[in-house]
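Below, each chain spelled out in residue letters.
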Amino acid sequence: YPLPTTALAGPDQSLCADSTILNANIPTIGTGLWTLVSGTGTIANPNSPTTNVTGLSLGANTFQWAITNGTCPPSLDTVLVFVNAPATPAFAGSDQTVCEDSTILNANTPVVGAGLWTLVSGTGTITNPLSPTSAVTGLSVGTNTFQWTITSGTCPQSSDMIIITVFPQPTTAEAGPDQTILIPIAFMSANTPVIGTGSWTLVSGSATINDPFDPNTQISDLTMGTHVFRWSISN
């Protein structure tokens, strides 16, 4: 008998399904036969070099393609079919509103797969892109968008995004100089905010603030004694 054709079981496969097509060579001399070496899998047509196989288990599944001819030693080759588990669905965390140029991201930790942070828009330096709770610095005023992506082998990746909105610090409040008056009416002289919105509140004493949002509002109904007013600028 002539020696059988050298067996070639095909390249190893990495997939995200429980079935695939094996892809061995067609024997010129001899007859081929697929067998399961390890793992699981049902071979639809063991004598076909391009048979379908179903019921693969997660992880490694090994199949052997053997070509035999008479009493000659068989030619053997194996193929590894690795089945990846689907990636954990990604959750980038709740959107954030901050008043600083840094914050802590808060994505979910993958049960299956590995996560990676990327900057989508805006600015920001991700301290540890592989950590779901990485710090991020250098945020710009306005919206900054980051994406958390979880991948597992050849399985489809799962992604989610978070928006971090940064507000600028409000203008420093200046309520104006203290006043000593002889009539029950006063006029305030606070600064006009460049950033944010100002408002007057009565801290102590009694009076009527005519327009709480006007830095130069009139104060009326003042009585004798001390009256304290606060000018607050918020953003």
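Since the model is a prediction, treat every value here as computed from it, not as a measurement.

Conventions and cut-offs
- Residues numbered from 1 in each chain as written.
- Predicted model: local features only at pLDDT ≥ 70, side-chain atom pairs only at ≥ 80, totals over all residues.
- Heavy atoms only, no water.
- Helix = DSSP H or I, 4+ residues; strand = E, 2+ residues; numbered from the N terminus.
- Polar contact = N/O pair within 3.5 Å; in protein donor to acceptor, adjacent residues only side chain to side chain.
- Contact = heavy atoms within 4.5 Å.
- Pairing = 2+ DSSP bridges.
- Core = buried A, V, L, I, M, F, W, Y, C linked by side-chain atoms within 4.5 Å.
- Buried < 20%, exposed > 50% of the residue type's maximum accessible area, 1.4 Å probe, protein only.
- Disulfide = S-S within 2.5 Å.
- Phe/Tyr/Trp six-rings, centres within 6.5 Å; stacked < 30°, edge-to-face > 60°.

Attention now goes to the side chain of glutamine 13. Its location among the elements puts glutamine 13 in strand 1 (residues 13–15). Side-chain polar atoms of glutamine 13 contact the side chain of threonine 20, separated by 2.6 Å. In this view, glutamine 13 contacts Thr20, Ile21, Leu22, Leu80, Val81 and Phe82; residues no more than four positions away in its chain are not counted.

Taking strand neighbours across the sheet as the criterion, the three strands line up as 15-18-17 in an open arrangement whose pairing is antiparallel. Strands at the two margins of the open sheet, each flanked by one partner only, are strand 15 (186–187) and strand 17 (208–209). Here strand 15 pairs with strand 18 (residues 218–220) via two bridges, running antiparallel. Its bridge partner lying in strand 18, phenylalanine 187 is registered against glutamine 218.

A word on the nonpolar core. Note on soluble globular proteins: their nonpolar side chains tend to be buried together. Ranked by size, the top nonpolar core spans 16 residues in total, and within it Trp117, Val136, Phe146, Trp148 and Ile164 carry the most contacts. Listed in part, the 15 residues of the second largest apolar core include Ala7, Ala24, Ile43 and Val83.

This part covers unusual backbone geometry. One non-glycine residue, aspartate 221, lies in the positive phi region at around 60°. Looking at where aspartate 221 falls in the secondary structure, it is placed in the loop between strand 18 and strand 19 (228–234).

This part takes up the pairing of strand 6 (residues 59–68). Within strand 6, seven of the ten residues are buried, leaving the element largely enclosed by the surrounding structure. Sheet topology places strand 6 next to strand 7 (residues 75–83); nine bridges connect them, and they run antiparallel. Across the sheet, glycine 59 pairs through a bridge with valine 83, a residue of strand 7. The loop that links strand 6 with its antiparallel partner strand 7 comprises six residues; one of these, glycine 70, has a positive phi angle of about 60°.

Attention shifts here to the state of the cysteines. Using the criterion set out here, one finds one disulfide in the structure. One disulfide in the model links cysteine 16 with cysteine 155; its S-S distance is 1.9 Å. With the S-S dihedral at roughly 100°, the linkage between cysteine 16 and cysteine 155 falls on the right-handed side. Remark: cysteine 155 occurs in the loop between strand 13 (142–151) and strand 14 (158–166) and cysteine 16 occurs in the loop between strand 1 and strand 2 (20–21); sequence separation between them is 139 residues. The exposure class assigned to cysteine 16 is partly exposed, which follows from its relative accessible area of 30%.

As a further point, take the packing of aromatic side chains. The full count for this structure, using the stated rule, is three aromatic pairs. For the pair tryptophan 200 and tryptophan 231, a centre-to-centre distance of 5.0 Å together with 40° between the ring planes defines the contact as tilted. Highlighted residues: tryptophan 200 in strand 16 (residues 197–204) and tryptophan 231 in strand 19, separated in sequence by 31 residues.

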